[in-house]
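Descriptive structure summary
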Amino acid sequence: MIVVMKPGATQQDVQHVADLVLEFGLKEHTIVGTDRTVIACIGDKRSVDKSALENAPMVDRIVPILAPYKMASKEVRKTASEISLMPGGPTIGGAKIAVIAGPCSVESRDQILRTAQAVADAGGVALRGGAFKPRTSPYSFQGMGEEGLELLAEARERTGLAIVTEVIGVEQVEVCAAYSDVLQIGARNMQHYPLLEAMGRQDKPVLLKRGMSAKLEEWLLAAEYIINAGNPNVILCERGIRTFEDYVRNTLPLAVVPELKERTHLPVVVDPSHGTGHAHLVPSMCKAAIAAGADGLIVECHPDPERATSDGAQSITPGALYDLMTPLRRIAEAVGREL
Ligand code: PEP
Ligand code: MN
């Protein structure tokens, strides 16, 4: 349930309610809005003396949270969450659309530095690149590991781009958080609950990809795991789902974007590279994603896609990324956003 404070409630009034909630054995999560503060109460409501809360000073009303995901829900926070990708750096979830681009895998110093420069020149705000790769086959390239993270950090130093990289196991959270700015949870790990909880215990924002066979509600509950464990900065990423269709690697269900906008305050990013599997389809789906209301894009971009160690077929070139930005800017403007 949510305790809605009256406009003008002081910090002391809010603290008093928060203390009562804790006393009743629930977890509290205070959200300060522009005109009023709400306190989400998470846990078993049977131990709560509702009238004590209702009658506390400056409490307006108590409303139940109907969605099974609580803190991720719009019921708790009506306004969109704007998340900083790095301290003092670009944000996602506000008026400006964030473009994240880079190779599937970090392969070499030359590859990542060249790509980073191209992403910065195109107007991207963050560089993606996997150092630990969740590959379907154990015989495929598994990533450069910590050496790859060092190269990503060097690319950030040279370009100012935020770094987005995937964490595939709990034991890598610390090293990935030390080198990068945003931690990605891949589709294969969306229901890896101990990993989600570990994401909640560290303070870098998390890009949470939708599992390839996860329903919308399961995805939002995965986000809830991270928020419940202490990290509210979750960015949702639609990367396509498995269907019977095979002209694409995955089916990119863009209707999820406006649906998410009705259900959650968390920013939504679309990944048309994994979402289609084919570089020639990526520009159109980037445009469609922005038109549908996405807050950002994450695109695979490689200076030599034919020789990429992973996902070359769905990686666009730096030139294609650069050319894409002009129509994307126009579409962003048409839907009341900036890029
Ligand atoms: C990736 O981003 O390269 C990746 C492995 O994505 P996903 O988890 O969506 O398959
Ligand atoms: Mn990839």
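Since this is a predicted model, take the numbers as computed values, not measurements. Every residue gets a number counted from 1 within its own chain, in the order that chain's sequence is written. The naming scheme follows written order: chains are lettered A onward, ligands numbered 1 onward. The predicted nature of this model means local features are confined to residues of pLDDT at least 70 and side-chain atom pairs, given and counted, to a pLDDT of 80 or more, with totals for whole chains, interfaces and linings taken over all residues. Excluded from the side-chain calculation are hydrogens and water; included are all heavy atoms of the structure.

**What to know about the overall build of the protein chain**
Runs of H or I in DSSP of at least four residues are treated as helices and runs of E of at least two as strands, each being numbered from the N terminus. If you tally the helices and strands in the protein chain, you get eleven helices and 14 strands. Relative to the compact-globule value of 20 Å for 339 residues, the protein chain shows a C-alpha radius of gyration of 21 Å, a close match. For the protein chain, the residues scored as buried account for 53% of the 339 residues in total. For the protein chain, contacts bridging at least 24 residues in sequence account for 67% of all contacts bridging at least 6. For the purpose of charge, His is not counted, nor are the chain termini; Lys and Arg are scored as positive and Asp and Glu as negative. Here the site of a charge means atom NZ of a Lys, CZ of an Arg, CG of an Asp or CD of a Glu. Each charge class in the protein chain was averaged separately, 35 positive and 42 negative side chains, and the resulting centres sit 4 Å apart. All radius of gyration figures rest on C-alpha atoms, and the globule criterion is 2.2 Å times the number of residues raised to 0.38. Buried, partly exposed and exposed residues are distinguished by accessible area as a fraction of the type maximum, computed with a 1.4 Å probe on protein chains only: under 20%, between the cut-offs, and over 50%, respectively. By definition, residues are in contact when any of their heavy atoms lie within 4.5 Å.

**Here's the deal with the pattern of salt bridges**
Put simply, a salt bridge is a Lys or Arg side-chain nitrogen that is within 4 Å of an Asp or Glu carboxyl oxygen. According to the stated counting rule, one finds 15 salt bridges in the structure shown. The partner of R263 in a salt bridge is E259, and the shortest N-O contact between them spans 2.8 Å. Of the two residues, R263 and E259 are both situated in helix α8 (residues 256-263); the distance of four residues between them amounts to about one turn of the helix. According to the relative accessible area criterion, E259 is partly exposed, its value standing at 30%.

**Remarks on the coordination of the manganese ion (ligand 2)**
A 2.8 Å cut-off from the metal defines N, O and S donors, relaxed to 3.2 Å for Na, K and Ca; water is not in the atom list, so some sites may appear incomplete. Looking at the metal site, the manganese ion (ligand 2) is ligated by C104 (SG), H274 (NE2), E300 (OE) and D311 (OD), spaced 2.0 to 2.4 Å from it. Read N to C, the donor residues that coordinate the manganese ion (ligand 2) are spaced as C-x169-H-x25-E-x10-D. Of the two residues, C104 is situated in the loop between β7 (98-102) and α3 (109-122) and D311 in the loop between β14 (296-300) and α11 (318-334); the sequence distance between them amounts to 207 residues. Given the relative accessible area of 4%, C104 is considered buried.

**Section: the site of ligand 1**
By convention in these notes, a residue is near a molecule or strand provided one of its non-hydrogen atoms lies within 4 Å of it. The environment of ligand 1 is made up of 13 residues, and the closest members are R128, A187, R188, K209 and R239. At 2.7 Å, a side-chain N or O of R128 approaches an oxygen atom of ligand 1. Pairs of N or O atoms are called polar contacts if they sit within 3.5 Å, as long as, within protein, a hydrogen donor faces a hydrogen acceptor (for residues adjacent in sequence, only side-chain-to-side-chain pairs). Residue E300 places a side-chain N or O atom 3.3 Å away from an oxygen atom belonging to ligand 1. For the area figures, the Shrake-Rupley method with a 1.4 Å probe applies, and any residue is considered shielded solely by the protein chains shown. Burial of ligand 1 by the surrounding chains reaches 97%, relative to a free accessible area of 300 Å². Three classes are used, and their members are as follows: Ala, Val, Leu, Ile, Met, Phe, Trp, Tyr, Cys and Pro are nonpolar, Asp, Glu, Lys and Arg are charged, and the others, Gly among them, are polar. A class-by-class count of the residues in the shell around ligand 1 yields three nonpolar, three polar and seven charged.

**Looking at the packing of aromatic side chains**
Pairing of aromatic side chains here covers Phe, Tyr and the six-membered ring of Trp, requires ring centres within 6.5 Å, and sorts the geometry by plane angle: under 30 degrees stacked, over 60 edge-to-face, intermediate tilted. Inspection of every chain in the model, using the stated rule, returns one aromatic pair. Ring geometry for Y193 versus Y225: centroids 4.4 Å apart, planes at 25°, classification stacked. Placement of Y193 in helix α6 (residues 193-200) and of Y225 in helix α7 (residues 216-228) is noted, with a sequence separation of 32 residues between them. By relative accessible area, Y225 is classed as partly exposed at 32%.

**A look at α7**
In this scheme, a helix's expected span is set at 1.5 Å multiplied by one less than its residue total. Taking 1.5 Å of rise per residue, the 13 residues of α7 would be expected to cover 18 Å, and the 18 Å separating its terminal C-alpha atoms lies within 8% of that figure. In this fold, the buried residues of α7 make contact with β2 (27-32), α6, β11 (206-209), β12 (234-238) and α8. Where α7 ends, the next residue or the one after it, G230, has phi of about 120°, a positive value.

**Remarks on the environment of T37**
In this structure, T37 sits in strand β3 (residues 37-42). As a C-alpha pair, T37 and I65 span 28 residues in sequence and 16 Å in three-dimensional space. The contact partners of T37, leaving out residues within four places of it in the chain, are V3, V4, M5, V14, T30, I31 and V32.

**Some words on the sheet that holds β2**
Only when DSSP finds a minimum of two bridges between them are two strands counted as paired. Here four strands make up an open sheet; going across it, the order is β2-β3-β1-β4 and the pairing antiparallel. Two strands bound the open sheet, and with one partner strand each, they are β2 and β4 (59-63). Neighbour to neighbour, the strand axes of the sheet diverge by 20° on average, direction disregarded. Here strand β1 (residues 2-5) runs beside β3; their pairing, made up of three bridges, is antiparallel. Bridging across to β3, V4 finds its partner in V38. Of the strands in this sheet, β1, β2, β3 and β4 are in contact with helix α1 (residues 11-23), which crosses β2 at around 160°. Axis lines are fitted to C-alpha atoms, over the contacting stretch for helices. Their N-to-C directions set the angle, which ranges from 0 to 180 degrees.

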